[in-house]
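Here's the letter readout for the chains.
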Amino acid sequence: MKGRGGPISLYVHIPFCELKCAYCDFNSYAGLEELMGPYVDAVCREAALWSQAMGRLAVRTLFFGGGTPSLLPIPLMERLLGALGKHFHFLPGCEVTLEANPGTVGLQYLKGLAMLGFNRLSLGVQSFQDDELQALDRLHTARQAEEAFGWAREAGFRSINLDLIYGLPEQPLQRWQATLERAIDLGPDHLSLYALTVEEGTKLAYQVARGLVPPPDDDAQAEMLEWSLERMAAAGYEHYEISNWARPGHRCQHNLAYWECRPYLGLGAGAHSCLPAGDGWVRFWNVYSPRRYIEALAASAGPPADVVAGHVPLSMPQVAGGEVVDLDGAMSEFLIMGLRLSEGVSLEEFRRRFGRELLEAFAGPVTELSDLGLVEERDGRLRLTRRGLLLANEVFVRLL
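Just so you know, these numbers come straight off a predicted model, no measurement behind them. Residue positions are given per chain, counting from 1 as you read along its sequence in written order. Per-residue local features are limited, in this predicted model, to residues with pLDDT of at least 70; the limit for side-chain atom pairs, both in listing and counting, is 80 or more; totals at the level of whole chains, interfaces and linings are taken over all residues. Hydrogen atoms and water are omitted, and side-chain values are computed over all heavy atoms in the structure.

**Concerning the state of the cysteines**
Where we set the bar: Any two cysteine sulfur atoms within 2.5 Å of one another count as a disulfide. Residue burial is assigned from relative accessible area. The probe radius is 1.4 Å, only protein chains are included, and a residue is buried under 20% of its type maximum, exposed over 50%, and partly exposed in between.
In total, this model carries zero disulfides according to the counting rule given. Residue Cys261 stays outside any disulfide, its sulfur separated by 7.0 Å from that of Cys274, the closest cysteine. Cys261 sits in the buried class, given a relative accessible area of 14%.

**Considering the sheet that holds strand β16 (residues 375–378)**
Filter applied, for reference: Should DSSP find at least two bridges between two strands, the strands are regarded as paired. What counts as a helix is a DSSP run of H or I of at least four residues, what counts as a strand is a run of E of at least two, and both are numbered from the N terminus.
Spatially, the three strands line up as an open sheet ordered β15-β17-β16, and their pairing is antiparallel. Taken across any chain shown, the strands that pair with only one partner, and hence form the sheet edges, are β15 (345–346) and β16. Relative to strand β17 (residues 381–384), β15 runs antiparallel, the two being bridged by two bridges. Residue pairing in the sheet places Ser346 in a bridge with Arg381 of β17.

**Side note on a negative patch on the surface**
Spelled out, the test is: Nonpolar side chains (Val, Leu, Ile, Met, Phe, Trp, Tyr) within 5 Å and like charges within 9 Å form the patches, drawn only from residues with over 30% relative accessible area and no salt bridge. Only the protein chains shown count as covering a residue, and every accessible area follows the Shrake-Rupley method with a 1.4 Å probe. A side-chain nitrogen of Lys or Arg and a carboxyl oxygen of Asp or Glu constitute a salt bridge if their distance falls within 4 Å. In this tally, Lys and Arg are treated as positive and Asp and Glu as negative; His is ignored, and so are the chain termini. For charged residues, the charge sits on one atom: NZ in Lys, CZ in Arg, CG in Asp, CD in Glu.
The grouping of Asp217, Asp218, Asp219, Glu223 and Glu226 at the surface amounts to a negative patch. Its place among the elements puts Asp219 in helix α8 (residues 218–234). Classification of Asp219 as exposed rests on a relative accessible area of 65%.

**Description of the pairing of strand β12 (residues 272–277)**
Pairing of β12 with strand β13 (residues 280–286) involves six bridges; the strand directions are antiparallel. Its bridge partner lying in β13, Ser273 is registered against Phe284. The turn linking β12 back onto β13 is made up of two residues, and Gly278 within it adopts a positive phi angle of 60°.

**Some remarks on the nonpolar core**
General note: in soluble globular proteins, nonpolar side chains tend to be found buried as a group. Spelled out, the test is: Residues belong to a common nonpolar core when they are buried Ala, Val, Leu, Ile, Met, Phe, Trp, Tyr or Cys residues joined through side-chain atoms within 4.5 Å. Note on contacts: a residue pair is in contact if any heavy atoms of the two residues lie within 4.5 Å.
Core analysis: the largest hydrophobic core is formed by 113 residues, its most contacted members being Phe64, Leu80, Leu84, Phe88, Leu191 and Leu267. When residues no more than four places from it in sequence are discounted, the contact partners of Leu84 are Leu10, Val12, Ala47, Leu62, Phe64, Phe90 and Leu267. Membership of the second largest hydrophobic core comes to eight residues, among which are Cys21, Tyr23, Ile165 and Leu168.

**Section: the packing of aromatic side chains**
Describing an aromatic ring pair means giving the distance of the ring centres and the angle of the ring planes. Under the convention used in this document: The criterion for an aromatic pair is that two Phe, Tyr or Trp rings (for Trp, the six-membered ring) have centres within 6.5 Å, with stacked assigned to planes under 30 degrees apart, edge-to-face to planes over 60 apart and tilted to the rest. A ring is scored as having a charge over it whenever the NZ atom of a lysine or the CZ atom of an arginine sits within 6 Å of its centre and within 35 degrees of its normal.
All chains considered together, the criterion is met by 12 aromatic pairs. Linked through ring pairs, Phe334, Phe350, Phe354 and Phe362 together constitute an aromatic cluster. The lysine or arginine in question, Arg247, covers the ring of Tyr237, its NZ or CZ lying 4.2 Å from the ring centre.

What follows is the structure in C-alpha cells.
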C-alpha cells in the first residue's frame, strides 16, 4: 500500500452541531462542544499515524464536512490545518472546502477561514422559505443565508456552493421554484439540489412512520427536478452530476474523486476511506462516537506494524471496520458512480483500469437498460438518458 498511486483526496469530519436536523442521518451530535479541543487533538494524532504508515501523501483536495465544521473556532481550525500541513503535502491549487451553516458564520470568521487557506465554501441553505427551514429544524432564516453569502464574497471566497433540498412534504412546485430563483439571484458558483429522502433513524422517519407528515411524493420530486434542469441550464450552469450544477471551472473536485473512484482518506469520527488494494480497493471507516474516537487515538503509540508494511489498514486503532472490494465489485462501483456524472463512463478508462471491456462485462444489464431507454452508448461513453436520470436508482439497482 505504501507509495502506491498518485495524489489522494482528504476528508476531515467535524461531528459537532447546534441541533440535529429532522432529515439528517450524518454522524453528528449536539451538545458536545466541550470535546472540540480534545477532538482536534485526536484528528492531529490520526494524521500523524497515517504519515508514519504511508509517508507524506500528496493531497489534491481537502474537504471539511460534518456536522457543522463552521462551529469550530478559528484557533482550533488553525491548529488542525497546521498539523495537516505537517503530515500531508498539499499540491499547488489544492481545493480546500469548508461546509458551513448560515447563522454560524460572520464576516470576521469567514475572513479568518480565507486567511487559513480555505478557498471554497459550501453553505447549507436548504430552503429560502422560513417555514420550511423551521420544519427541517434549521436554525437560520432565509435572510441570514443571504447575509452569509454576501459575507463570504466580501471575505474573498470566489467559489461558493449552496445546498438546497426539494420535494419536502406537501411542498408545491411554486415554492421550490421561488427558492431556486432566490438562490440563482445570489449568483453562486455551484448549486447542489437534493431530493428529500427519508433516512432510517431520523426524526423525519419517525414522523412519516406515525403519519405526522406525509412521505415525499416521487412524482412531485420528478416534476421539480425536470423544471430545475431547464432553469439551471438557462441560468448558465452545467449539470455535471445528478444533483450538482456548476459554472464553468467550479465543479467540486473533491466530490469528483468519489464519483470517479479515486483514492480518498477520511480523518475523524465516522469518516470513511477508500485506498487501492490488489485489483480493487479497501474501504474502511472510523469509530462513530467522538468520545471513543478520542480515546482510541489517545491510547495509540503508533501505527500497527502490518499497516507500516503496506497491508490493509483495518488494524489502525481508530478504524471500526472495513471491507476489501474485489475486481468484480470495483468494476460495478466504478460503473455506478460514473453513471452519476452527466458525461457518463468512458469505455477506454474502464478498459485501462480493469483490463476488461465494459460492454462485455455488463452485457446483460446494459442491454436491458438500453432497451428500456435508460442508458445509451455514444462517443465512447456510457451515460444515463434523460429518462434514466429521472429513474437513476432503478438503473443502479439493476447494475448491482
